[in-house]
Amino acid sequence: MKVTVNRRAHFNAAHRLHRKDWDEEKNRQVFGKCSNPHYHGHNYELIVAVTGEIDEQTGFVMDLKDLKELIYNKIEVPFDHKNLNVEVPEFKDLNPTAENISVVIWRKLRAELEPHLDLEVTLYETPRNFVTYKGE
């Protein structure tokens, strides 16, 4: 019997959608106002879903306190109130689209979870725009 536990988190971050190998005109054509050279920000909402068997001894799939601390340390601290393009090493050469941010978050969390647990990350960039990544 598999069950999914979820934890919601929040972080604020700035970014610029931009490819270094394109000129400003092409970046503007493809990314529009999201390619503003002075960046722009979002209030990101993150939902982390962990699926697995219920442990017979604890009754947990995963202790939500542990999931809360993991998200805080691996995602909120490094991303919150940061310029993703400039201050987060994973985006030095990776365009910080919502899609790419969700994959980076998934990889960071996946590395810390027990192998028998499944992971899904949903990232809301705005209340109407969000992406979901279930893994590689």
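Structure report, in brief. (Residues numbered from 1 in each chain as written. Predicted model: local features only at pLDDT ≥ 70, side-chain atom pairs only at ≥ 80, totals over all residues. Heavy atoms only, no water.)

### Describing the side chain of N83
Rules: Numbering goes from the N terminus for both helices and strands, where a helix is a DSSP run of H or I of at least four residues and a strand is a run of E of at least two. In protein, a polar contact requires one atom able to donate a hydrogen and another able to accept it; more generally it is a pair of N or O atoms within 3.5 Å, and residues adjacent in sequence count only if both atoms are side-chain atoms.
Its location among the elements puts N83 in strand β3 (residues 82–83). A polar contact is formed between the side chain of N83 and the backbone nitrogen of N85, at a distance of 3.0 Å.

### Comments concerning unusual backbone geometry
Counted only if it meets this: Burial classes follow relative accessibility: with a 1.4 Å probe on protein chains only, a residue under 20% of its type's maximum area counts as buried, one over 50% as exposed, and anything between as partly exposed.
Phi at Y39 is positive, roughly 75°, even though this residue is not glycine. Here Y39 shows up in the loop between α1 (24–31) and β2 (40–53). The exposure class of Y39 is partly exposed, given its relative accessible area of 28%.

### Regarding α1
The N-terminus of α1 is capped by D23, whose side-chain oxygen sits 3.2 Å from the backbone nitrogen of E25. After α1 finishes, the residue G32 shows a positive phi value of roughly 60°.

### Details of the sheet that holds strand β4 (residues 118–124)
Here is the rule we go by: A pair of strands counts as paired when DSSP detects no fewer than two bridges linking them. Residue contacts are counted whenever heavy atoms from the two residues lie within 4.5 Å of one another. For helices, the fitted line uses only the C-alpha atoms of the stretch in contact; every axis is such a line through C-alpha atoms, and the angle between N-to-C directions lies from 0 to 180 degrees.
Strand order in the open sheet formed by five strands is β3-β1-β2-β4-β5, and the pairing between neighbours is mixed. The two strands at the open ends of the sheet, each matched to only one other strand, are β3 and β5 (130–133). Examined bridge by bridge, β4 and β5 share four bridges and lie antiparallel to one another. Across the sheet, V121 pairs through a bridge with Y133, a residue of β5. Contacts from helix α2 (residues 64–79) reach β1 (2–15), β2 and β3, with the element oriented near 20° to β1.

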